[in-house]
Amino acid sequence: MTNKPTSAFPDDFLWGAATAAYQVEGGHDADGKGPSIWDIYSHLPGTTHAGTNGDVAADHYHRFKEDVALMAEAGLTSYRFSISWPRLLPQGRGTVNQAGIQFYSDLIDELLKHNIKPMITLYHWDLPQALQDIGGWESRVTVEAFEEYAKLCYQAFGDRVELWSTFNETLIFIGMGYFTATHPPGISDPKRGLQACHHVFVAHAKAVQAFRQYQQFGTVPSNGQIGFVNVMQPHDPISDSSEDVAACNMADDLLTHWLYDPVLKGEYPTHILNLAQATWGAPVFAEEDEMLLKDNICDFIGVNYYKREWIAANPDVENTKINTTGEKGSGQEFGFKGLFKFVRNPNSTYTDWDWEIYPEGLCVGMMRLKERYGDIPFYITENGLGAKDPIIDGEIVDQPRIEYLSSHIAAAESAIKQGVDVRGYYPWSFIDLLSWLNGYQKQYGFVYVDRDNHLNRRRKKSFFWYQDVIKSNGAVR
Ligand code: BGP
């Protein structure tokens, strides 16, 4: 008798993969869908790598059955996807596009038919343009509209979906949308950004509140869970000088605690709130906000982990040119003058996009969060390697991706052994899709999309590798 290899992953651990609507669906104006801010922004000159956009993307909107069949073949037990708000509500609120509801309803049925548990993200950045036109996240009308949209989703899909998250990565869509002006709406104004970010937290709290009410009515499952997805980017000081350590603490406060505290503690870190309000006069609270945040802590946290950042004191750099070409070293130092900057550690390993490869960070990051927020359930909602995959003799030999994911699965297992309640792992991404600013050259998928040949799907080497990982519950990797 041979002993089967075992792992520390619990038996009901979810082995998934993730995508997002704008990056995978295409069908940008199909069957009554309204435009999102990304539909408009990506068509403005100079905004994305080589003018790429998600008009067609992987055409998942028309090919979801084929894609779900591939997920089933890989053995996925869960699939994380986002709903395109303007596909359901072309104007952001009001008239519902039934064809949009039908699409997600059919997708969910197809997943369930193959025993794949859906995990829905309500907002992965594609705000209806109609709402941007009246102020976007700076307006409380968008907060109300989000609550209506969330309720519509609970009513339409709640009978079949247990796992929900409200927002994906405030750090990125607010940071790049309102601070560095590199995502829509392309603004660079901390005061406006802080207020927009606050409205996102209020919208989240309202959606959590509605979820709990709908749980009582039986509209969503009683064992359903609602969470929030954040970037998990552990910071370490590049030296032990007091300046670098202070800069690192500031990076933690602004880029981590500011974004996790409101959803896991129901309040901002006080000293940073005071600083922000004294410096920029924002965020301004409406009367109900404090209680709303306090009363609606979410059920789990989703962490998207790609890299750690090394931090140094920053007396001078105010630069936002990041590497969007995949040519190593083509980015410039990134920092916020007077606060901190991200620096390269010459002794570490980096991807072609200059992202540090540091698997232990997945474990370290979750341990730090557990220390601050206590015993919360974690889902690793994204993790992956963006690369230009080599094609050798017609095969997509994405060996670096296998090594990247394998070492990160080991780190997730190590976190579980140290008592972190990790419930699922969703590599980014199931299939090759649009990278927001990097186009289609930055690939992440287990499935290759042949852009020169009718978007045909082909299984990469990592597809078969992940199949074995799942079959062995993470023991073979
Ligand atoms: C996360 C986003 C994803 C995805 C991923 C990879 O921030 O949630 O949507 O794009 O990063 O990033 P990129 O495409 O920039 O390499």
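None of the values given here were measured: they were computed from a predicted structure.

**Focus: the pattern of salt bridges**
Should their charged atoms come close, side chains of opposite charge can pair.
Next up, step 1: Considering all chains together, one arrives at 35 salt bridges under this definition.
Next up, step 2: The shortest N-O distance in the salt bridge between Lys33 and Asp39 comes to 2.7 Å.
Next up, step 3: Among the residues examined, Asp39 registers a relative accessible area of 8% and is labelled buried.
Next up, step 4: Notably, a salt bridge pairs Glu267 with Lys294, separated by 3.1 Å at the nearest N-O pair. One end of the pair, Glu267, is in the loop between α10 (242–264) and α11 (270–280); the other, Lys294, is in helix α12 (residues 289–295), with 27 residues separating them in the sequence.
Next up, step 5: By relative accessible area, which is 35% here, Glu267 ends up partly exposed.
Next up, step 6: Since its relative accessible area comes to 38%, Lys294 is described here as partly exposed.
Next up, step 7: One continuous salt-bridge network, built from bridges that share partners, spans Asp389, Asp398, Arg401, Asp432 and Lys460.

**Thoughts on the site of the ligand**
Next up, step 1: Close to the ligand lie 15 residues, the nearest being Gln23, Glu169, Ser435, Lys442 and Tyr444.
Next up, step 2: Here Glu169 contributes a side-chain N or O atom positioned 2.4 Å from an oxygen atom of the ligand.
Next up, step 3: For the ligand, the protein covers 91% of the area, taking 380 Å² as the surface of the free molecule.

Criteria and cut-off values
- Residues numbered from 1 in each chain as written.
- Predicted model: local features only at pLDDT ≥ 70, side-chain atom pairs only at ≥ 80, totals over all residues.
- Heavy atoms only, no water.
- Salt bridge = Lys/Arg side-chain N within 4 Å of Asp/Glu carboxyl O.
- Buried < 20%, exposed > 50% of the residue type's maximum accessible area, 1.4 Å probe, protein only.
- Helix = DSSP H or I, 4+ residues; strand = E, 2+ residues; numbered from the N terminus.
- Near = heavy atom within 4 Å.
- Polar contact = N/O pair within 3.5 Å; in protein donor to acceptor, adjacent residues only side chain to side chain.
- Areas by Shrake-Rupley, 256 points an atom, 1.4 Å probe, with all protein chains shown as cover.

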